[in-house]
Amino acid sequence: MEGEEDEDEIVCLDQSFFINDDYQLTNFTFGSQVIQLFCLHSASTDYDLTGQLVWPGAMLLNDCLSKNAEMLQGCSVIELGSGVGITGILCSRFCHDFVLTDHNDEVLKILKKNIELHASPENPNCCTGLVAEKLEWGNIDQINQILQNHSGGFDLVLGADICFQQSSIPLLYDTVKHLLQIRGKGRCKFILAYVSRTKIMDSLVINEAIQHGLKITEVAGTRCVVGNLNGTIFEITLQ
Ligand SMILES: C[S@@+](CC[C@H](N)C(=O)[O-])C[C@H]1O[C@@H](n2cnc3c(N)ncnc32)[C@H](O)[C@@H]1O
């Protein structure tokens, strides 16, 4: 009928339209450690799914940890913004137990699939003590839920390439401070693999740590180029 062709059609796209879950089994090598896991090779969505890929910060952190694996021996570790889980899977070969966390449900699905792959007895590097939990930075209920099974807290908090959204940095440090305070001064530290993309974020990461009453120190000798960007490792502790 006349006029109908002029009407705009309403196209409803839910978030599943943007989700690419065509993960590929991929090998990564850090020193003598080879890790095989499912991940995407490029970000192709219009939705918050950064965690479907392995980021340069994880390459930096895993290189550093594989060279200093003795620091992980017997440790209890929690990671913030784990993505596909490459750091936790490497660390679980050395540490006592490792809690991988992320806030995105789609990312948690692939993270759990990668944990299953590595927990299988058929895997020659079978990992035990790896669990995935949902954790949105700043969410007290979620952190308390995790702490129900880890009432003594953790020896280490890790984060790789998790500083890219300015509004989330204060909440990230709220969660970090909460975790550091469970063990107390000198008994837990946050190791952050930071990749510089903007000057504003460079300052925010340092200033917000100080605002939270935390001490932030760049680990000597960790400054390097990763994926054409400048990266470094920070150690963050209670003052
Ligand atoms: C750039 S990816 C890095 C993933 C992984 N650490 C790596 O280096 O490959 C950032 C990760 O942080 C998670 N993330 C972002 N904002 C978050 C928040 N507010 N709370 C919890 N996780 C968050 C994302 O879902 C994603 O998995």
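For every chain, the first residue of the written sequence is number 1, and numbering continues from 1 along that sequence. Local features in a predicted model are, by the rule used here, given only for residues with pLDDT of at least 70; side-chain atom pairs are given and counted only at 80 or more, and totals for whole chains, interfaces and linings are based on all residues. Side-chain calculation: all heavy atoms of the structure are included, whereas hydrogens and water are not.

The chain is annotated in an unreviewed UniProt entry as Protein N-lysine methyltransferase METTL21A of Carya illinoinensis.

**Q** Could you clarify how one ought to interpret the overall build of the chain in this entry?
**A** A run of DSSP states H or I qualifies as a helix once it reaches four residues; a run of E qualifies as a strand once it reaches two. Both are numbered from the N-terminal end. Each helix and strand counted, the chain has 6 helices and 10 strands in total. Note on method: radius of gyration uses C-alpha positions; expected globular size equals 2.2 Å times residues raised to 0.38. A compact globule built from 239 residues should have a C-alpha radius of gyration of about 18 Å, and the chain, at 19 Å, falls within 12% of that. A principal-axis box enclosing the C-alpha atoms of the chain has dimensions of 75 × 50 × 40 Å. Exposure categories follow from relative accessible area, calculated using a 1.4 Å probe and restricted to protein chains: below 20% of the type maximum is buried, above 50% is exposed, and the middle band is partly exposed. Considering the chain as a whole, with its 239 residues, one finds that 48% of them fall into the buried category. Total accessible area on the chain stands at roughly 12,500 Å², and carbon and sulfur atoms take up 48% of it. Under this rule, positive means Lys or Arg and negative means Asp or Glu; His and the chain ends count for nothing. By convention, the charge on Lys lies at NZ, on Arg at CZ, on Asp at CG and on Glu at CD. In the chain, 15 side chains carry a positive charge and 31 a negative one; their mean positions are 19 Å apart. Accessible surface area values rest on a Shrake-Rupley calculation with a 1.4 Å probe, where residue burial reflects the displayed protein chains alone.

**Q** How should I be thinking about the pattern of salt bridges in this particular structure?
**A** Side-chain pairing between opposite charges can occur once the charged atoms of the two side chains come close. Any carboxyl oxygen of Asp or Glu that lies within 4 Å of a side-chain nitrogen of Lys or Arg is treated as forming a salt bridge with it. What the rule picks out here adds up to 6 salt bridges. Notably, a salt bridge pairs Arg-183 with Asp-155, separated by 2.5 Å at the nearest N-O pair. Linking Arg-183 in helix 5 (residues 169–183) with Asp-155 in the loop between helix 4 (140–147) and strand 6 (156–160), this pair joins segments that are 28 residues apart in sequence. Residue Asp-155 is classed as partly exposed on the basis of its relative accessible area of 24%.

**Q** Just to check I follow, could you spell out the site of the ligand for this structure?
**A** Throughout this document, a residue counts as near a molecule or strand when at least one of its heavy atoms sits within 4 Å of that molecule or strand. Not every one of the 19 residues close to the ligand is listed here, only the nearest: Trp-55, Gly-81, Asp-102, Leu-135 and Ala-160. As used in this structure description, the phrase polar contact means that two N or O atoms lie within 3.5 Å; if the pair is within protein, one of them must be able to donate a hydrogen and the other to accept it, and residues adjacent in sequence are counted only when both atoms belong to side chains. Gly-81 places a polar main-chain atom, nitrogen or oxygen, 2.8 Å from a nitrogen atom of the ligand. With respect to the ligand, the backbone of Ala-160 contributes an N or O atom lying 2.8 Å from a nitrogen atom. Protein contact buries 98% of the 590 Å² of open area that the ligand shows by itself. Three categories are distinguished: nonpolar for Ala, Val, Leu, Ile, Met, Phe, Trp, Tyr, Cys and Pro, charged for Asp, Glu, Lys and Arg, and polar for the others, with Gly belonging to the last. Tallied by class, residues from the shell around the ligand come to 9 nonpolar, 7 polar and 3 charged.

**Q** Honestly, the packing of helix 4 against helix 5 in this entry has me stumped. Any pointers?
**A** In a packed pair of helices, the relevant descriptors are the angle between the two axes and the axis-to-axis distance. Each axis is a line fitted through C-alpha atoms, and for a helix only the stretch in contact is used; angles between axes span 0 to 180 degrees, taken between their N-to-C directions. At a minimum axis distance of 11 Å, the contact between helix 4 and helix 5 shows a crossing angle of 30°. One element, helix 4, and the other, helix 5, form an angle in the roughly parallel class. Note that helix 4 runs across helix 5; the crossing there is right-handed. Side by side, helix 4 and helix 5 meet where Ile-140, Ile-143, Asn-144 and Leu-147 of the first sit next to Thr-175, His-178, Leu-179 and Ile-182 of the second. Each residue belonging to the contact of helix 4 with helix 5 can be placed in one class, and the counts come to 5 nonpolar, 3 polar and no charged. Angle categories: roughly parallel below 35 degrees, roughly antiparallel above 145, roughly perpendicular from 65 to 115, and oblique for all the rest. With the far helix as reference, a near helix turned anticlockwise by less than a right angle produces a left-handed crossing, and one turned clockwise produces a right-handed crossing. Here, two residues are considered to be in contact whenever any of their heavy atoms come within 4.5 Å of each other.

**Q** How should I be thinking about unusual backbone geometry in this particular structure?
**A** Backbone phi values are negative for most residues with the exception of glycine, while trans is the configuration of most peptide bonds. A positive phi angle is found at Asp-161, which is not glycine, with a value near 55°. Here Asp-161 lies in the loop between strand 6 and helix 5. Backbone geometry places Asn-228, a non-glycine residue, at a positive phi of 70°. Relative to the helices and strands, Asn-228 resides in the loop between strand 9 (224–226) and strand 10 (229–238). Here Asn-228 falls in the exposed class, since its relative accessible area comes to 76%.

**Q** Is there a simple way to think about the nonpolar core in this case?
**A** Soluble globular proteins tend to bury their nonpolar side chains together. We define the nonpolar core as a collection of buried residues of types Ala, Val, Leu, Ile, Met, Phe, Trp, Tyr and Cys that are connected through side-chain atoms lying within 4.5 Å of one another. One finds Leu-37, Val-54, Leu-61, Ile-86, Phe-98 and Leu-158 to be the most contacted residues of the largest nonpolar core, which totals 42 residues. When near neighbours in sequence (up to four residues on either side) are disregarded, Leu-158 contacts Leu-61, Leu-65, Val-77, Ile-78, Glu-79, Leu-80, Thr-87, Cys-91, Phe-98, Phe-190 and Ile-191. Judged by nonpolar contacts, the second largest core, of 30 residues, contains Ile-78, Val-157, Leu-179 and Leu-214.

**Q** What's the story with helix 5 in this structure? I'm lost.
**A** Side chains that are three or four residues apart share a direction in an α-helix, a result of its 3.6 residues per turn. Here, expected helix span is obtained from the residue count minus one, scaled by 1.5 Å. Here helix 5 is 15 residues long and its end C-alpha atoms lie 22 Å apart, about the 21 Å a rise of 1.5 Å per residue gives. Of all the positions in helix 5, only Ile-169, Leu-172, Tyr-173, Thr-175, Val-176, Leu-179, Leu-180 and Arg-183 are classed as buried. Mapping the buried residues of helix 5 onto a view down its axis gives an arc of 160°, with all of them on the same face. Immediately downstream of helix 5, the backbone of Gly-184 shows phi near 95°, a positive value. The arc refers to the directions leading from the helix axis to the C-beta atoms.

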